[in-house]
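This is what each chain is made of:
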Amino acid sequence: MQTTVTARHCEIPDALREQARLMVARILKAAHRPQRAQVVFDVDHQKKVVELKLHLPRGTTRIATAEAADFRTALDRAADKLRRQLEKTNSRYVRRSVAK
């Protein structure tokens, strides 16, 4: 599984890159057969924006975006959003397989 961390219009420290990789690795445990993950750090008019993209089988993509005053807070918020999306997807997947 490939995880890419990108910084647009800004510089981020290596510690933050490593924290993003670890957070994505924890989130991927809840995903069903993940293929690729991307973390994008961006600055937009003094707001720190983090976007998490998770590519799943059959062309399914889950995207979570969050903004905050600092990157760590934005990363936490985006990770929570992505985790909720995966929980919702997994509950639907379990319901369908039980109903068959």
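Residues numbered from 1 in each chain as written. Predicted model: local features only at pLDDT ≥ 70, side-chain atom pairs only at ≥ 80, totals over all residues. Heavy atoms only, no water.

Undergrad: Looking at this model, I keep getting lost on the overall build of the chain. Mind explaining?
TA: The helix and strand tally for the chain stands at two helices and four strands. When its helices and strands are written in sequence order, the chain yields β-α-β-β-β-α. The principal-axis extents of the C-alpha atoms in the chain amount to approximately 50 × 25 × 20 Å. Buried positions account for 32% of the 100 residues belonging to the chain. The contacts in the chain between residues at least 6 apart in sequence include a share of 46% that link residues at least 24 apart. For the chain, the computed accessible surface area is about 6600 Å², with 47% contributed by carbon and sulfur atoms. (Helix = DSSP H or I, 4+ residues; strand = E, 2+ residues; numbered from the N terminus. Buried < 20%, exposed > 50% of the residue type's maximum accessible area, 1.4 Å probe, protein only. Contact = heavy atoms within 4.5 Å. Areas by Shrake-Rupley, 256 points an atom, 1.4 Å probe, with all protein chains shown as cover.)

Undergrad: Even after reading the chapter, I still don't get the sheet that holds strand 3 (residues 47–55), so can you show me in this structure?
TA: Within a sheet, adjacent strands bond to each other through the backbone by hydrogen bonds, running parallel or antiparallel. Judged by pairing direction, the sheet is mixed, and its four strands sit side by side in the order 1-2-3-4 without closing on themselves. For this open sheet the edge positions go to strand 1 (2–8) and strand 4 (61–68), each flanked by a neighbour on one side alone. Looking at each pair of strands side by side, their axes are set apart by 10° on average, direction ignored. The pairing of strand 2 (residues 36–44) with strand 3 spans nine bridges and is classified as antiparallel. Residue pairing for strand 3: F41 is matched across the bridge by V50. (Pairing = 2+ DSSP bridges. Axes fitted to C-alpha atoms, helices over the stretch in contact; angles between N-to-C directions.)

Undergrad: What should I look at first to understand the pattern of salt bridges in this one?
TA: Opposite charge on two side chains makes pairing possible when the charged atoms of those side chains draw close. One pass over the full model with this rule turns up four salt bridges. Among the ionic pairs, D42 bridges to R8, the shortest N-O distance being 3.9 Å. Remark: R8 occurs in strand 1 and D42 occurs in strand 2; sequence separation between them is 34 residues. When its relative accessible area of 17% is taken as the criterion, D42 is described as buried. Between D80 and R83 there is a salt bridge, and its shortest N-O distance comes to 2.9 Å. Note that D80 and R83 are positioned in helix 2 (residues 71–99) at a spacing of three residues, about one turn of the helix. (Salt bridge = Lys/Arg side-chain N within 4 Å of Asp/Glu carboxyl O.)

Undergrad: Sorry, what's going on with unusual backbone geometry here?
TA: With glycine set apart, most residues show a phi of negative sign, and most peptide bonds adopt trans. Look at H45: it is not a glycine, yet its phi comes out positive at around 55°. Relative to the assigned elements, H45 resides in the loop between strand 2 and strand 3. For R58, which is not glycine, the phi torsion reads 60° and is therefore positive. Structurally, R58 is set in the loop between strand 3 and strand 4. On the basis of relative accessibility, which here comes to 85%, the residue R58 falls in the exposed class.

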